[in-house]
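Chain and residue survey
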Amino acid sequence: MTESLTTTLRYYGISPWEIEVLYGFLNSHFTINQEEIEADDEDFVSFLDVNIPLTFNDAFFEWFDFKRWEKVKAVFKEMKRRRGSGNAIKIVINFSGSPKIGFTVDTEDKQWFDNAVEKIDSVLELLPYHLDPQKIPSEVTEVYYKFDSKSIRWRLNTAASTQKQFSFKGDVWKEIN
């Protein structure tokens, strides 16, 4: 992994200081494209979309360095702390791979937000089960997780193939029409 990998930070309502700190942790491993965008979700004062050009797996965390990952998570939690409760910030983290894996952290309560950020890496243990070809719709190219503050865990939320969209309800995937 010596070739230059590019990550993209798309955001609005994020302070230059917050971007600079996050940039500092990512810059040692990635070339970074930054794109400040117009606010496009009236429910959130701040939004950050991080695209990581690697597969969500143990090898990523070993390569990136677990201590550095902990610091990135601390930045996310600090962003939430600085904005208070309510729908103040939404963070989306997308990993490349087959399928692509995405996480949306938009919990109103700071404690659950912090808990969601802390537990992202624990989803690694669930991936073999969640991505079992017997359980997931065929030809899925993207899988998205959303944190469920009622059960205090990451839950499968949606999936997509080139032709279809799916929603995970209960314990089954349903096609979205």
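Residues numbered from 1 in each chain as written. Predicted model: local features only at pLDDT ≥ 70, side-chain atom pairs only at ≥ 80, totals over all residues. Heavy atoms only, no water.

Here we take up the nonpolar core. For soluble globular proteins, the rule of thumb is that nonpolar side chains tend to be buried together. Judged by nonpolar contacts, the single largest core of 47 residues is most densely connected at Leu48, Phe56 and Phe76. The biggest single contributor to this core is helix 3 (residues 66-83), with five residues. If sequence neighbours within four positions are ignored, Leu48 has contacts with Leu9, Arg10, Tyr11, Ile14, Ile19, Leu22, Phe76, Met79, Lys90, Ile91 and Val92. Within the second largest apolar cluster, five residues are counted, among which are Ile37, Phe44, Phe47 and Val92. (Core = buried A, V, L, I, M, F, W, Y, C linked by side-chain atoms within 4.5 Å. Buried < 20%, exposed > 50% of the residue type's maximum accessible area, 1.4 Å probe, protein only. Helix = DSSP H or I, 4+ residues; strand = E, 2+ residues; numbered from the N terminus. Contact = heavy atoms within 4.5 Å.)

All right, on to helix 3 then. In a regular helix each residue adds 1.5 Å, so 18 residues correspond to 26 Å; helix 3 covers 26 Å between its end C-alpha atoms and thus fits that length. Buried within helix 3 are the following residues: Trp69, Val72, Lys73, Val75, Phe76, Lys77, Met79 and Lys80. Directly beyond the C-terminal end of helix 3, a positive phi value near 80 degrees is found at Gly84. (Expected span 1.5 Å × (residues − 1).)

Of the strand pairs in this sheet, strand 6 (residues 140-148) and strand 7 (residues 153-161) are connected by eight bridges, and their pairing is antiparallel. Across the sheet, the residue bridging to Tyr144 is Thr158, located in strand 7. Summarising the sheet, strand 7 and strand 8 (residues 165-169) pair through three bridges and their orientation is antiparallel. For Thr158, the partnering residue across the bridge sits in strand 8 and is Ser167. Connecting strand 7 to the next strand, strand 8, in antiparallel fashion are three residues. (Pairing = 2+ DSSP bridges.)

This part is about the pattern of salt bridges. According to the stated counting rule, one finds 14 salt bridges in the structure shown. Where Arg10 meets Asp49, a salt bridge forms, and the shortest distance between an N and an O atom there is 3.2 Å. In this pair, Arg10 is assigned in strand 1 (residues 6-12) and Asp49 in strand 3 (residues 46-55), connecting sequence segments 39 residues apart. Residue class for Arg10 comes out partly exposed when judged on its relative accessible area of 25%. Look at Asp49 and you get buried, because its relative accessible area is 8%. Here Arg82 makes a salt bridge to Glu18, at a shortest N to O gap of 3.5 Å. (Salt bridge = Lys/Arg side-chain N within 4 Å of Asp/Glu carboxyl O.)

Two elements in contact, helix 3 and helix 4 (residues 110-119), have axes separated by 10 Å at closest approach and are oriented at 165 degrees. In terms of axis orientation, helix 3 runs roughly antiparallel to helix 4. For the element pair helix 3 and helix 4, the recorded crossing hand is right-handed. On the side of helix 3, the interface is formed by Glu70, Lys73, Phe76, Lys77, Lys80 and Arg81, while helix 4 contributes Lys110, Phe113, Asp114, Val117 and Glu118. Partitioned by chemical class, the residues of the contact of helix 3 with helix 4 number three nonpolar, no polar and eight charged. (Axes fitted to C-alpha atoms, helices over the stretch in contact; angles between N-to-C directions. Parallel < 35°, antiparallel > 145°, perpendicular 65-115°, else oblique. Left-handed = near helix turned anticlockwise from the far one by under 90°. Nonpolar A, V, L, I, M, F, W, Y, C, P; charged D, E, K, R; others polar.)

Enumeration according to the criterion identifies one cavity of 30 Å³ or more in this entry. Every residue along the wall of the largest cavity is listed here: Leu22, Leu26, Val50, Ile52, Trp69, Val72, Phe76 and Ile93. Counting residues per element, the ones that place at least two in the lining of the largest cavity are helix 1 (16-26), strand 3 and helix 3. Considering every element that reaches the lining of the largest cavity, the biggest residue donor is helix 3, with three residues. Among the residues forming the lining of the largest cavity, the class breakdown is eight nonpolar, no polar and no charged. (1 Å grid on protein atoms, 1.4 Å probe; cavity = no way out; pocket = protein on both sides within 12 Å on 5 of 7 lines; lining within 4 Å. Points joined across faces, edges and corners; volume = space filled by probe spheres on them.)

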